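Structural features, examined
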Amino acid sequence: MQGLNLVTQMVFVLVYFFFPNAAPAPEQTINRVDMGFLKEPMGAYYMALEDMEKAEAPEAEVGAMELTEADEGITEGLDWEKEYEVPVIEGNAAVTSYGIEIIKGPYKGIYLTMDEVEMMEYVIERETSGSLKHKKIIAELILNRVIDDGLGDTVKEVLTRPRQFTTISNYYTKKRKPDSDTKQAVYEVLRGIGEFRSNGALYFYDPQYADPKNAKWFEEDLTFCYEIEGHRFFK
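1. Describing the overall build of the protein
What the protein contains, in helices and strands, is nine helices and seven strands. Looking at the protein as a whole, 30% of its 235 residues qualify as buried. A separation of at least 24 residues holds for 57% of the contacts in the protein among residues at least 6 apart in sequence. For the protein, the computed accessible surface area is about 15900 Å², with 55% contributed by carbon and sulfur atoms.

Structure representation (structure tokens):
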């Protein structure tokens, strides 16, 4: 009888676990049996489920964290003030602290870094110690070469072109610093202040110091544009 009672209880237990909706109403009383033998396997099953859920959550969190860190890294790496500096319009030029873009006039579209502006100043300082007008013509000639095909696409390319402006050495040695007139000449030409006087000149030479063969090439093969203070300009 006792054995039968134990079997009956096991049946109720199994029904309770596999068909929970069929469990007896609270008012019904049933005889409980020791469930200790079920705790270990059932506990292991639920622990396994919990481990699977936890394994998924950290993966999603790490992904979100990595994206945030990457975004922050990009943000911190940009110099926003410099990148979005508003240019100041000065005559024909849009000027920032890191470059000048000519936006109007015959040299429209030329862009110079501040290093290239300094390069022009040092070259012109060595080319002539003449008047402001003379220095402006040489500054124009440099820009004429930028817009001409085959002589360089930037001021740096024009001034460092082999066997052209040997006075580029002054930019690297800094032996003769640009005076106020030289700086003013470059400033005015880049901003289109005053008249353009070079008449499209691309070449110039000083008859006093030129090799006669070179002088002949200038005079016979090129078109004369302008002469000022001993320099003859051609295109």
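Anyway, onward from the coordinates.
2. Things to note about the pairing of strand β6 (residues 224-228)
Note: β6 against strand β7 (residues 231-234), four bridges, orientation antiparallel. By the bridge assignment for β7, Glu 227 is matched with Arg 232.

3. Describing unusual backbone geometry
In this structure, Arg 163 is a non-glycine residue whose phi angle is positive, near 60 degrees. Mapping Arg 163 onto the fold places it in the loop between α6 (155-159) and α7 (169-173). Relative accessible area serves as the criterion here: at 80%, Arg 163 is assigned to the exposed category. Even without being a glycine, Lys 174 presents a positive backbone phi close to 60 degrees. Of note, Lys 174 is situated in the loop between α7 and α8 (180-191).

4. Let's talk about the side chain of Asp 206
Tracing the chain through its elements places Asp 206 in the loop between β5 (203-205) and α9 (212-221). In this structure, Asp 206 is buried with no salt-bridge partner, the nearest side chain bearing the opposite charge being Arg 232 at 9.2 Å. When neighbours within four sequence positions are excluded, Asp 206 is seen to be in contact with Gly 230 and His 231.

Definitions and limits used
- Residues numbered from 1 in each chain as written.
- Predicted model: local features only at pLDDT ≥ 70, side-chain atom pairs only at ≥ 80, totals over all residues.
- Heavy atoms only, no water.
- Helix = DSSP H or I, 4+ residues; strand = E, 2+ residues; numbered from the N terminus.
- Buried < 20%, exposed > 50% of the residue type's maximum accessible area, 1.4 Å probe, protein only.
- Contact = heavy atoms within 4.5 Å.
- Areas by Shrake-Rupley, 256 points an atom, 1.4 Å probe, with all protein chains shown as cover.
- Pairing = 2+ DSSP bridges.
- Lys, Arg positive; Asp, Glu negative; His and termini not counted.
- Salt bridge = Lys/Arg side-chain N within 4 Å of Asp/Glu carboxyl O.

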